[in-house]
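A look at the structure
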Amino acid sequence: MAQQRRVQLSTQSPTSTVCVLGTELALDVCGSAPRGAASFQAQATPGVRLWVLHGARSVKLPSSVGRWPLGARPELLLAMERPSHEPGDEKVRISYFREDGGVPVGRALLYLTCVEVSLDADVTRSGAVSRTLLDKASWIWGPEGRGAVLLVNCDRDDAGAEGLDSEDSAVRSYSDLQDMAQLVLRTRGPRATFAGHRLLLHLDFGHADKIRVFYGGDGAELEKFQPILGGSKLSYTVRPGRHQHDSVFYVEGLAFPDVDFSGLVSLHVTLLESPEKCQGLLESPIFTDSVVFRVAPWIMTPNTAVPLEVFVCSVDGNEEFVAAVGALAERAQCPLTVCPAPQNRQDRWIQDEMEFGYIQAPHKTLPVVFDSPRDLGLKDFPVKSILGPDFGYVARQAAEGASSLDSFGNLEVSPPVTVQGKEYPLGRILIGSSFPRVGGRRMAKAVKDFLVAQKVQEPVEIFSDWLSVGHVDEFLSFVPAPDRKGFRLLLASPSACYQLLREKQEEGFGEAAMFQGLDRVPKPTINEILANEELRKFNDYAQSCISWNRDILKRSLGLAEPDIVDIPQLFQSNAASEAQAFFPDMVNMLVLGRHLGIPKPFGPVVGGRCCLEQRVRELLEPLGLSCTFIDDFFSYHVLSGDVHCGTNVRRKPFAFKWWDVVP
């Protein structure tokens, strides 16, 4: 329905008003009727469309009915088809008649000036601003939806600047402008009319800390761009230029969606009319146009996405590990970035420090690193070495104090899934928790709230607090597959490991020992492992925890048993009865397309081959995957982590556009 404004008429003197293109004026024909008038007749110049609402009918004028009775209180509406060339160049005349007709007993004359005022953004999500008749004041999800998208300006385009671009109220480069969304104010009509009115660009008070708007006037020079809205600036008077009909503004996001912010922000332009010859009276609004933006969510990428860059730390004693990861990255044709010791300060757990993702608008996609609250030796690496031109940064702190569950080895995301008919085309985030325990460790509320607020990868909590470190990557991973859902969920499986060891015992290899070739490491045989009742009972417990999670994952990700691969693994208890990997944790792997970097388990050698490695090859190679076993025993495993914990990967964004999701 078109925006409508009521206009009072007078039979004593002509009235003048402004009609904004695309709106309607409702003329108060009854309120201005002279005493004794019973009907009226309306006539207009060619640029004006008139129609009468009479009872349940809408009749365009002129019509076969010349006069309309006032007793039924009809409404007279008008709209205009194009901006005026001169003020008052169109008009409407209302003639009033008595019951017996004859000569009019009064006339009301209305002079009209049509102007165009339109606030536009990329509501069609095409990558460019266009004039549209769509409703710009609402935001609708889905492929048939509409609504403009705004990026948080969270990178740092100026190498000499401090902090994020969103923390700087100046535009320092054209690259900075490209991170922002354009907002175009279109004005057409007589210059004198705009000179006698005021155009006010304004935002809602509650959004003042969520966005900032820049304007450079008619020029394109960087130094002309000034912040005009945001913070304490809630409104800005726009003065259309003499030769410039479109005013282009640039809008940057300052905050991601979060527990106290839906992600929706509104900008408005209002045309204000000043009272004539009356000093001290306030202006009155005669038209408002609004645009709603949604701030783009931060999106994680799953193991199955195409790898773009591999990260690993160089610390004392891990040279062979770094070389092995580098060789795997080379085979996968993926660049390797090594974080040197001065930057990591002997902190090798780069997976725990940060998670790579991205933000996306129709005009631009920006990789963004999410910095965990963990803050150990690597705490400065994301902000000092990752944040930069066209590489964004976001962080959340654990107000209650960070626990191990706040490290991002405890944060994974599934590939796209469909669950009972509901599609999750960007997958679902997996968070390890103390559930179903009471009083255990949990991910920080600020981190969890942030992830939930992004909406497009609805998180699932699973039980990880049974583990000493407590991370989901200790018992699950995803790998690409050519069939079914396009992936397999890998789960660590004590029961599958015991089954394999029993098979080898029955084949006569009971004396084959673990950990061959490792100095100063006990080397239990298959017979000894199977006879260790305490180890068996603890792994029954570990299996029950994994089975609990298996059921949650099947329900939450819409998986069936053929979508799951059980990877042989044993756990052992620490002094606090928490689980640690008994041998290098093979699901804690690096996935680079079809190339897998799997912790070398040093399992019993049967027929010249490690039986654990052989079983994993039998499970994964039929899926077209290439298994490379990496020795991380002394450099990572004995320190309670494995290959995945010691590496990180930036991956290609989803081809699916997040705004096409239906949450």
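Residues numbered from 1 in each chain as written. Predicted model: local features only at pLDDT ≥ 70, side-chain atom pairs only at ≥ 80, totals over all residues. Heavy atoms only, no water.

**Notes on the overall build of the protein chain**
Condition: Put simply, DSSP H or I for four residues or longer makes a helix, DSSP E for two residues or longer makes a strand, and each gets a number counted from the N terminus. Values of the radius of gyration come from C-alpha atoms, whereas the globule rule sets the reference at 2.2 Å times the count of residues to the power 0.38. The buried label applies to any residue whose accessible area, calculated with a 1.4 Å probe on protein chains only, is under 20% of its type's maximum; exposed applies above 50%, and partly exposed to all values in between. Residues are treated as being in contact if the distance between any of their heavy atoms lies within 4.5 Å.
Of regular secondary structure, the protein chain possesses 11 helices and 41 strands. In terms of C-alpha radius of gyration, the protein chain reaches 34 Å, well past the compact-globule figure of 26 Å for 663 residues. A burial count over the protein chain gives 57% of its 663 residues as buried. In the protein chain, once contacts between residues fewer than 6 apart in sequence are set aside, the share between residues at least 24 apart is 73%.

**Concerning the pattern of salt bridges**
Any two side chains of opposite charge can pair if their charged atoms end up close together. Definition in use: Salt bridges are defined by distance alone: a side-chain nitrogen of Lys or Arg within 4 Å of a carboxyl oxygen of Asp or Glu.
Within the structure shown, the criterion is met by 39 salt bridges. Of the charged contacts in the structure, one is a salt bridge between Glu309 and Arg650, with a shortest N-O distance of 3.3 Å. With Glu309 in strand E21 (residues 307–313) and Arg650 in strand E41 (residues 647–651), this residue pair connects regions lying 341 residues apart in the sequence. Its relative accessible area of 16% is what places Glu309 among the buried residues. Asp566 is the salt-bridge partner of Arg550, the closest N and O atoms lying 2.8 Å from each other. Here the residue Arg550 occupies a position in helix H10 (residues 533–557), and Asp566 occupies one in strand E33 (residues 564–568), the gap between them amounting to 16 residues. One continuous salt-bridge network, built from bridges that share partners, spans Asp120, Lys136, Arg186, Arg188, Asp246 and Asp289.

**Here's the deal with the sheet that holds strand E3 (residues 24–27)**
Counted only if it meets this: We call two strands paired when DSSP finds no fewer than two bridges between them. Every axis in this analysis is a line fitted to C-alpha atoms, fitted for helices over the stretch in contact. Angles between the N-to-C directions lie between 0 and 180 degrees.
Strand order across the open sheet formed by five strands is E1-E3-E8-E5-E6, with mixed pairing between neighbours. For this open sheet the edge positions go to strand E1 (4–7) and strand E6 (57–61), each flanked by a neighbour on one side alone. The average undirected angle you get between the axes of adjacent strands in this sheet is 30°. As paired strands, strand E5 (residues 48–54) and strand E8 (residues 75–80) are joined by six bridges and run antiparallel to one another. The residue of E8 that forms the bridge with Leu53 is Glu75.

**Here we look at empty space enclosed by the protein**
Spelled out, the test is: Using a grid of 1 Å spacing that covers the protein atoms alone, one calls a set of points a cavity when a 1.4 Å probe fits there but cannot get out, and a pocket when the set is open and has protein on both sides within 12 Å along at least five of seven lines; lining residues are those with an atom within 4 Å of a point. Grid points are joined across faces, edges and corners, and a volume is the space filled by probe spheres set on the points. Think of it as three bins: nonpolar holds Ala, Val, Leu, Ile, Met, Phe, Trp, Tyr, Cys and Pro, charged holds Asp, Glu, Lys and Arg, and polar takes everything else, Gly as well.
Taken as a whole and assessed by the stated rule, the structure comprises four cavities of 30 Å³ or more. If you add up the space inside the largest cavity, you get close to 140 Å³. Looking at the largest cavity, it is lined by 16 residues, and the ones nearest its centre are Asn303, Gln351, Glu355, Val649 and Arg651. Of all the secondary structure elements, the ones that give two or more residues to the lining of the largest cavity are strand E23 (354–361), strand E26 (411–413), strand E36 (590–592) and E41. The greatest single-element share of the lining of the largest cavity, amounting to four residues, is contributed by E41. Estimates place the volume of the second largest cavity at around 50 Å³. As for the second largest cavity, its lining consists of Asp157, Asp158, Ala161, Asp165, Asp168, Ala170, Arg172, Ser173 and Asp176. Classifying every residue of the lining of the second largest cavity gives two nonpolar, one polar and six charged.

**With respect to the domain arrangement of the protein chain**
This is how it is decided: Bear in mind that the domain bounds are from an automatic or database domain assignment. Note on definitions: buried area is the accessible-area loss of two parts on being combined, 1.4 Å probe, summed for both. As used in this structure description, the phrase polar contact means that two N or O atoms lie within 3.5 Å; if the pair is within protein, one of them must be able to donate a hydrogen and the other to accept it, and residues adjacent in sequence are counted only when both atoms belong to side chains.
Under the domain assignment, the protein chain is made up of domain 1 (4–115), domain 2 (122–295) and domain 3 (299–660). Centre-to-centre separation of domain 1 and domain 2, based on C-alpha positions: 36 Å. Domain 1 puts 12 residues into the contact, and the matching count from domain 2 is 10 residues. Overall, the association of domain 1 and domain 2 removes approximately 880 Å² of surface from exposure, summing both partners, and the carbon and sulfur fraction of that is 75%. Our count for the contact surface shared by domain 1 and domain 2 stands at zero salt bridges. Across the contact surface, domain 1 and domain 2 share one residue pair in polar contact (both at pLDDT 80 or more). When contributions to the side of domain 1 that touches domain 2 are tallied by element, the ones reaching two or more residues are strand E2 (15–20) and strand E10 (101–120). The greatest single-element share of the side of domain 1 that touches domain 2, amounting to three residues, is contributed by E10. Residue classes in the side of domain 1 that touches domain 2 are distributed as six nonpolar, four polar and two charged.

**Some thoughts on the packing of aromatic side chains**
Formally: Stacked, edge-to-face and tilted are the three classes for Phe, Tyr and Trp ring pairs, Trp counted by its six-membered ring, which pair at centre distances within 6.5 Å; planes under 30 degrees apart are stacked, over 60 edge-to-face, the rest tilted. A positively charged side chain is recorded as over a ring if its NZ (Lys) or CZ (Arg) lies within 6 Å of the ring centre. The angle to the ring normal must also be within 35 degrees.
Applying the stated rule across the entire model yields 25 aromatic pairs. Taken together, a centroid distance of 5.5 Å and an interplanar angle of 75° make the contact between Trp658 and Trp659 edge-to-face. Classification of Trp658 as buried rests on a relative accessible area of 0%. An aromatic cluster of three or more residues is present, and its members are Phe515, Phe582, Phe583, Phe602, Phe633 and Phe634. Of note, Arg348 hangs over the ring of Tyr636, and the distance from its end group to the ring centre comes to 5.6 Å.

**Comments concerning the sheet that holds E36**
The strands making up a sheet are joined through hydrogen bonds of the backbone, oriented either antiparallel or parallel. Taken in spatial order, the three strands line up as E36-E37-E40 in an open sheet, and their pairing is mixed. Both edges of this open sheet fall to E36 and strand E40 (626–630), since each of them pairs with a single strand only. Direction aside, neighbouring strands of the sheet carry axes that sit 20° apart on average. By the bridge criterion, five bridges tie strand E37 (residues 595–599) to E40 in an arrangement that is parallel. Among the inter-strand pairings, His595 is bridged to a residue of E40, identified as Ser626. Relative to the sheet, helix H3 (residues 319–331) contacts E36, E37 and E40, its axis offset from that of E40 by approximately 165°. Docked against the sheet, helix H11 (residues 611–620) engages E37 and E40, running at close to 155° with respect to E40.

**What to know about the state of the cysteines**
The condition is simple: In plain terms, two cysteine sulfur atoms within 2.5 Å form what is called a disulfide here.
Counted under the stated rule, the structure contains zero disulfides. Here Cys313 stays free of any disulfide, with the sulfur of Cys339 as its closest cysteine sulfur at 4.3 Å.

**With respect to the layout of surface pockets**
Here the largest pocket is characterised by a volume of approximately 470 Å³. Lining the largest pocket are 19 residues, and of these Gly22, Leu133, Leu134, Lys136 and Asp289 sit closest to its centre. For the lining of the largest pocket, the elements supplying multiple residues, two or more each, are E10 and strand E19 (284–295). If one sorts the elements of the lining of the largest pocket by residue count, E19 sits on top with four residues. Grouping the constituent residues of the lining of the largest pocket by class yields eight nonpolar, seven polar and four charged.

**Things to note about a negative patch on the surface**
Condition: What makes a patch is a set of residues exposed beyond 30% relative accessible area and free of salt bridges, joined within 9 Å when like-charged and within 5 Å when nonpolar (Val, Leu, Ile, Met, Phe, Trp, Tyr). Working definition of accessibility: Shrake-Rupley area with a 1.4 Å probe, residue cover restricted to the visible protein chains. We count Lys and Arg on the positive side and Asp and Glu on the negative side, and we leave His and both chain ends out. To locate a charge, take atom NZ for lysine, CZ for arginine, CG for aspartate or CD for glutamate.
A contiguous patch of negative charge on the surface is contributed by Asp316, Glu319, Glu320 and Asp631. The residue Glu319 is located in helix H3 in this model.

**Things to note about the environment of Tyr424**
In this fold, Tyr424 is placed in strand E28 (residues 422–424). A residue is classified by how much of its surface remains accessible, and Tyr424, at 9% relative accessible area, is buried. The spacing of Tyr424 and Leu119 is 305 residues in sequence and 33 Å in space, taken between C-alpha atoms. Excluding residues within four positions of it along the chain, Tyr424 makes contact with Pro416, Val417, Val419 and Glu458.

**Considerations on the nonpolar core**
Side chains of a nonpolar character, in soluble globular proteins, are inclined to be buried together. In plain terms, the rule: For this analysis, a nonpolar core means a set of buried residues of the types Ala, Val, Leu, Ile, Met, Phe, Trp, Tyr and Cys, connected via side-chain atoms within 4.5 Å.
The biggest cluster of nonpolar side chains holds 87 residues, and the ones touching the most others in it are Leu183, Phe293, Leu451 and Trp658. With six residues, E19 is the largest single contributor of residues to this core. Excluding residues within four positions of it along the chain, Trp658 makes contact with Trp139, Trp141, Val149, Arg294, Ala296, Pro297, Ile299, Gln360, Leu426 and Val456. Counting 66 residues, the second-largest nonpolar core is a separate cluster that includes Val417, Phe463, Ile567 and Phe602.

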